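# What the coordinates show
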Amino acid sequence: MDDQVAILARREDLRYRTDRLVGSTLDAHRLLHLAKDHGRQHELLTALFQVNFAEAQTIFTRPALLELAVKAGLPRAAADAVLADPTAYLDEVRADEAEAASLGAGGVPYFLIDRRHALSGAQPTEAFAQALRVAWDEQRPAQFDAGTAVCRPDGTCAVPGTDGGQVA
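Our subject in this report is the structure included herewith. Everything numeric in this text was worked out from a predicted model, so none of it was measured.

## A few points about the overall build of the protein chain
Each helix and strand counted, the protein chain has seven helices and five strands in total. Going residue by residue from the N terminus, the α and β elements of the protein chain occur as α-α-α-α-α-α-β-β-α-β-β-β. Residues counted as buried form 27% of the 168 residues belonging to the protein chain. Accessible surface, the protein chain as shown: approximately 10800 Å² in total, 56% of it carbon and sulfur.

What follows is the structure, encoded as structure tokens:
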């Protein structure tokens with residue numbers, strides 16, 4: 001599977017190393033919850049992916065994780081406290097795992113679009129594009145009679161230019 005992901009990454013001009021270390025990502029996930037509380041989750045996730053997948057550097061030691069957390073904009077003391085306490089954010093990570101399992105995730109990578117359309121494993125760009133098109137088509141308001149009634153995904157409909165009254 002890893003080789004397939006590497007092939008797809010190269011097609012998109014992305015670096016993806018298959019010679020990287022593997023280990024438990026529990027502490028990284030706990031730090032991601034801290035980062036979420038600080039509005040820095042995207043920054044930390046990007047840093048983790050870059051270091052692990054593109055550079056084949058370790059993310060499995062406390063010093064490595066602490067350095068990445070600080071580079072992502074987290075307070076050093078807060079990140080160090082999370083890493084020092086094995087129960088910090090553990091309930092949140094376990095809740096994420098339970099939710100992922102209930103939604104059908106059995107491994108990684110696993111992508112869920114609009115909580116209904118799943119892609120598992122390495123997939124070509126077209127598979128993602130198709131899943132996004134289907135999700136969009138299901139969510140965008142349906143239009144009838146070239147702009148008369150517009151219905152929302154919740155089933156309510158209105159006629160533009162009127163008082164906005166609901167139509168069955």
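## Here's the deal with unusual backbone geometry
In this structure, the amide linkage connecting Val-108 to the following residue, Pro-109, adopts the cis form with an omega of -5 degrees. Tracing the chain through its elements places Pro-109 in the loop between α6 (90-102) and β1 (110-113). Here Asp-13, not a glycine, exhibits a phi torsion of approximately 60 degrees, which is positive. With respect to the element layout, Asp-13 can be found in the loop between α1 (2-11) and α2 (26-37). Unusually for a residue other than glycine, Ala-56 sits at a positive phi of about 55 degrees. Along the chain, Ala-56 turns up in the loop between α3 (41-54) and α4 (62-71).

## Description of α2
Because each turn of an α-helix spans 3.6 residues, side chains separated by three or four positions in sequence point in the same direction. Taking 1.5 Å per residue, 12 residues should reach 16 Å; α2 reaches 17 Å between its end C-alpha atoms and fits that length. Positive backbone phi, approximately 70 degrees, marks Gly-39, located one or two places after α2.

## Quick look at the side chain of Arg-20
Of note, Arg-20 is situated in the loop between α1 and α2. A polar contact of 3.0 Å, which involves the side chain of Arg-20, links it to the side chain of Tyr-16. Dropping the residues within four chain positions of it, Arg-20 is found in contact with Asp-2, Asn-52, Phe-53 and Ala-56.

Rules and cut-offs
- Residues numbered from 1 in each chain as written.
- Predicted model: local features only at pLDDT ≥ 70, side-chain atom pairs only at ≥ 80, totals over all residues.
- Heavy atoms only, no water.
- Helix = DSSP H or I, 4+ residues; strand = E, 2+ residues; numbered from the N terminus.
- Buried < 20%, exposed > 50% of the residue type's maximum accessible area, 1.4 Å probe, protein only.
- Areas by Shrake-Rupley, 256 points an atom, 1.4 Å probe, with all protein chains shown as cover.
- Expected span 1.5 Å × (residues − 1).
- Polar contact = N/O pair within 3.5 Å; in protein donor to acceptor, adjacent residues only side chain to side chain.
- Contact = heavy atoms within 4.5 Å.

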